[in-house]
Amino acid sequence: MKSATTAAPTRGFWPMRDLPVVFWLLATIVVAVAHPVAPAPRWLLIHLTLLGAVTHAVFVWSRHFTDTLLHTARTAGDRPAQNRRLVLLDLGVLAVLLGVVADHWSLTVGGATAVVVAVGWHGWTLLRYLRAALTARFRVVVRYYVAAAALLPVGVALGALLARTQADPWHQRLLVAHAGINLLGWIGLTVTGTLVTLWPTMLRTRMASGAETVAARTLPVLLLGITLTTVGALLGQLLVATLGLAAYLGGLLMLSPPFIQAVRGRRPAAFATYSALAAVLWLVGSLTALVIGFATADSWAEAGGRFTWFTPFLAAGFGAQILSGALSYLLPVSLGGGGRAVAAANRMLDRWAVVRVTVVNAGLLVCVLPTPAAVRTLCWGLVLAGLATILPLLALAIRASLTVRRGAPPPAREVDRPAPPRPLGAAVTGLLLVALAATAGVAVGEDGLDLPGVAPPLSAGVAATGETTVVQVEARDMRFAPESIDVRAGNRLVIELSNTDDTEVHDLVLDDGQETSRLSPGESARLDVGVVGRSVDGWCSVIGHRRMGMTLTVNTTGTPERAAQPGEHDHAPAGDESAEVDPQAEPGPAFRAHPAELAPAPRRKVHRRTFHVRDMEREVAAGVTQKLWTFNGRAPGPTLRGRVGDRFVITLVNDASMGHSIDFHAGALAPDRPMRTIAPGDRLVYRFTARRAGIWMYHCSSMPMAAHIANGLFGAVIIDPPDLPPVDREFVLVQSELYLGAEGGEVDLDKLESEHPDLVVFNGYADQYDHRPLRARVGERVRVWVLDAGPNRATSFHVVGGQFATTYAEGAWLLRDPGGTGGSQSLALSAAQGGFVELTFPEAGPYPFISHLMVDAERGAHGIFDVTD
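The rules behind these values
- Residues numbered from 1 in each chain as written.
- Predicted model: local features only at pLDDT ≥ 70, side-chain atom pairs only at ≥ 80, totals over all residues.
- Heavy atoms only, no water.
- Helix = DSSP H or I, 4+ residues; strand = E, 2+ residues; numbered from the N terminus.
- Buried < 20%, exposed > 50% of the residue type's maximum accessible area, 1.4 Å probe, protein only.
- Contact = heavy atoms within 4.5 Å.
- Areas by Shrake-Rupley, 256 points an atom, 1.4 Å probe, with all protein chains shown as cover.
- Phe/Tyr/Trp six-rings, centres within 6.5 Å; stacked < 30°, edge-to-face > 60°.
- Lys NZ or Arg CZ within 6 Å of the ring centre and 35° of its normal.
- Core = buried A, V, L, I, M, F, W, Y, C linked by side-chain atoms within 4.5 Å.
- Patch = residues over 30% accessible without salt bridge, like charges linked within 9 Å, V, L, I, M, F, W, Y side chains within 5 Å.
- Salt bridge = Lys/Arg side-chain N within 4 Å of Asp/Glu carboxyl O.
- Pairing = 2+ DSSP bridges.
- Axes fitted to C-alpha atoms, helices over the stretch in contact; angles between N-to-C directions.
- Expected span 1.5 Å × (residues − 1).
- Bend = angle between axes of the 7 residues up to and from the residue.

### Regarding the overall build of the protein
Okay, step 1: If you tally the helices and strands in the protein, you get 21 helices and 27 strands.
Okay, step 2: Across the 869 residues of the protein, 55% fall into the buried class.
Okay, step 3: Residue pairs in contact within the protein that sit at least 24 positions apart in sequence constitute 76% of those at least 6 positions apart.
Okay, step 4: Surface exposure of the protein reaches about 35,900 Å², of which carbon and sulfur atoms provide 60%.

Written as structure tokens, this is what we have:
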């Protein structure tokens, strides 16, 4: 057998070995930047990182270290065979990603099969080498690789089945089993086995005595943990899964003494070792949190949700960082060229090492904490930037290595480069960057509270008694408990507020302007009110909560005076007036109308979308803006379309400043879980199967529901009737009402409750299709889908100068006489009802379309079909 030193042919650039990792990392960055428009961005980011980049790297590492540790003899056919395995692996991964995103089951299965074959081939090759090798001290490491290779096909098969199984409880169980096998098995076993020998090598210190014995004893424990976790997940046995995670964590702790001994021999001093150490700490920390999370969960659904929540941190903290650290150490060695070339590459890869590692890990820690959505967004961006620095540095390292190997002197700037900053100073720099991002997030995400007019001072001239009254108040179910507090006049009052609600965000505002921050469920705040000399009114300022009875009264004893009551509006400062509006005013030249054209239903049977709830200031008429609550930045939200029998998987992400939810009328299911209100920063997955045809409304169902709908949270789902004939053009119009608050403000609740809308509009903007008409041609058959989103007013859709040959409403054909003499002049719909009309325009010209409730047409429910020859 040849020694490991004869492996020279593996040195230097090897395209199939080196380039795919770069491709997967670049794709990850592209999806991260384009995540608002990318399909299933969270799933894609995790799988591009773990199934793409890390899996390819694990495939390469395990073969490389097997050859090194077993001193395998290489033949001329080794590299071509490895190339074929890598091509099969990467094409299979690509097919899986495309198949899942496109809901193409056969492509997903084909890709999964290719991955299974490639990994099975790889594992069989390693097993043959293991059996043929002479006694080697660290042959146990290869056993880790073989076990990992045996597990991945199981994980991939579960993943393919997961793509087909959307209904709970099986979806959640399969998800945990699939992720557990792939993360803890394929990646976890390969990484832990490799670090037994690689970690002291990276630190350039002696390997701990008996490390191979510890590794041999640990492998069965780790395999037991993976087995229990998987079986527990598939059987829905929470205790079994918890014991599995605990066993795996125990295995890692068994393996830790040699790891720690190596650190004691020499501390990490390069990016590769910093990153690898951070990755291991994230793995151990995440598993510890998951064990606690599973042990304290009341149900499998709750435990599965916690596992899902931690997955991105495992992907970034463990997966991405171990990949970066390993690449930084192995690339210079793989490039070869002698000590000077390796040193030149290492210098490039160690640039800003401590700053990069600090930014990534401090940013991830901030994201773990219950911080505002804007803070998490900026810190995740900083984490991504820190991880992405590996790509340009890899390119610079390759260039530096090649420069030395060609005999050229290093650039002057490299010779004169000052010594790297001290680790402490670099770490402080990284922390300052994260702190700056968090501060910017707080500033961007701050929600201004609408306070009443000026109120008298709380002390009211009463002398302080020197005593303090401390009161605990709970916010729950749209009430404060207690609702009334008695305080002796002159006492200092301290209110300790706890949000014990399950889903809603609450706060407390007093009539003098004092306030707590908005509290997510489980959070608390302490409000030091000061000396109280008069009665005080308080309320929750989250829109609509005060009107639903969420008020607090502080009564003083010993003084009869009471300040004037604040104004009734809990949504706008006293004295503000609603925005004035002329529905027919001409918008500016840059105005773009909400797209009304409707594409045919896609062929796929499973429709996956992510809806982000965002607070957005939007123009609703020329020169008039309102702060709307939106699905994906628009009101109405995205229009979904499918056929009877199609399945919809909608991920709702609450990026707004208060609790929201979603209710799809197109699906029939128990509402308590999928339609629940989620707090800012949370997400849920809503799955339903379309059983009946029609145009269905979806909307936020959080209370007060009228306010959430009126302020923009609604949209349409179109399910084609089975016998729906083709037409030349299709449009969709969603009618809604706007109850304008102050300019740039939110919905006016007084107008909403009294049903006095300022505007009635199609697709969110007054008279927009007067200014940007909808196009059609003479003789074309045109279908117009209409949904009345309300929340209060009905509609009677009419096309001036047109007659309907077909009308369809609420799942029934009202008129279906394309070639006959019957006709219809309008389609009458109440709130939350929908249908469509079909007509043919007889000659060229402008054809207005309106709600024939004429006062609403004059309020903005008006548009034009521009018909040409």
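### Here's the deal with the packing of aromatic side chains
Okay, step 1: In the structure shown here, the tally under the stated rule is 29 aromatic pairs.
Okay, step 2: Seen in terms of ring centroids, Phe664 and Tyr698 are 5.1 Å apart; in terms of plane orientation they differ by 40°. Their pairing is tilted. Residue Phe664 is located in strand S13 (residues 663–664), and its partner Tyr698 is located in strand S15 (residues 694–699); the two are separated by 34 residues in the primary sequence.
Okay, step 3: According to the relative accessible area criterion, Phe664 is buried, its value standing at 1%.
Okay, step 4: Summarising the aromatic geometry, the rings of Phe731 and Phe865 are spaced 5.6 Å apart at their centres and angled 55° between planes, so their arrangement reads as tilted. A residue pair is termed long-range when its members are at least 10 positions apart, and Phe731 in strand S17 (residues 729–738) and Phe865 in strand S27 (residues 862–868) qualify at 134 residues. Each member of the pair Phe731 and Phe865 is classed as buried.
Okay, step 5: Grouped by ring-pair contacts, the aromatic residues Phe731, Phe762, Tyr769, Phe797, Phe804, Phe841, Tyr847, Phe849 and Phe865 constitute a single cluster.
Okay, step 6: Arg85 extends its terminal NZ or CZ atom over the ring of Trp121, reaching a point 5.1 Å from the ring centre.
Okay, step 7: Its end group placed over the ring of Phe836, Arg783 keeps NZ or CZ at 5.2 Å from the ring centre.

### Describing the nonpolar core
Okay, step 1: If you look at the biggest cluster of nonpolar residues, it comprises 122 residues, and the most contacted ones within it are Trp186, Leu189, Phe294 and Leu323.
Okay, step 2: At 17 residues, helix H6 (residues 170–203) tops the list of elements feeding residues into this core.
Okay, step 3: The residues touching Trp186, leaving out its near neighbours within four places in the chain, are Thr55, Val58, Phe59, Val119, Ala148, Ala149, Leu152 and Ile181.
Okay, step 4: With 46 residues, the next largest nonpolar core counts Leu527, Leu640, Phe688 and Leu713 among its residues.

### Details of a nonpolar patch on the surface
Okay, step 1: A surface patch of nonpolar side chains, amounting to about 400 Å² of accessible area, comprises Val87, Leu91, Leu94, Leu98 and Leu107.
Okay, step 2: In terms of residue count, the dominant contributor to the nonpolar patch is helix H3 (residues 78–101) (four residues).
Okay, step 3: Relative to the elements of secondary structure, Leu94 occurs in helix H3.

### A short note on the sheet that holds strand S23 (residues 812–816)
Okay, step 1: Ordered in space as S18-S17-S20-S25-S22-S23, the six strands form an open sheet in which the pairing is mixed. Looking at strand neighbours, the two that pair on one side only are strand S18 (759–762) and S23, the edges of this open sheet. Each adjacent strand pair in this sheet contributes to an overall mean axis angle of 15°, direction not counted.
Okay, step 2: Sheet topology note: the strand S22 (residues 806–809)/S23 ladder contains four bridges and is antiparallel. Across the sheet, Ala809 pairs through a bridge with Ala812, a residue of S23.

### As for helix H2 (residues 41–70)
One turn of the α-helix equals 3.6 residues, which is why residues spaced by three or four share an orientation.
Okay, step 1: For H2, which comprises 30 residues, the first-to-last C-alpha distance of 41 Å matches the rise-based estimate of 44 Å (1.5 Å per residue) to within 8%.
Okay, step 2: Where H2 bends most, the angle comes to about 35°, and this point is Val54.
Okay, step 3: Among the 30 residues that make up H2, 25 are buried, leaving the element largely enclosed by the rest of the structure.

### A few points about the side chain of His545
Okay, step 1: Position of His545 among the secondary structure elements: in the loop between strand S7 (536–539) and strand S8 (551–557).
Okay, step 2: Its relative accessible area of 0% is what places His545 among the buried residues.
Okay, step 3: Discounting residues that sit within four places of it in the chain, His545 has contacts with Met478, Glu504, Val505, His506, Cys540, Met550 and Met703.

That's the geometry; what it means functionally is another story.
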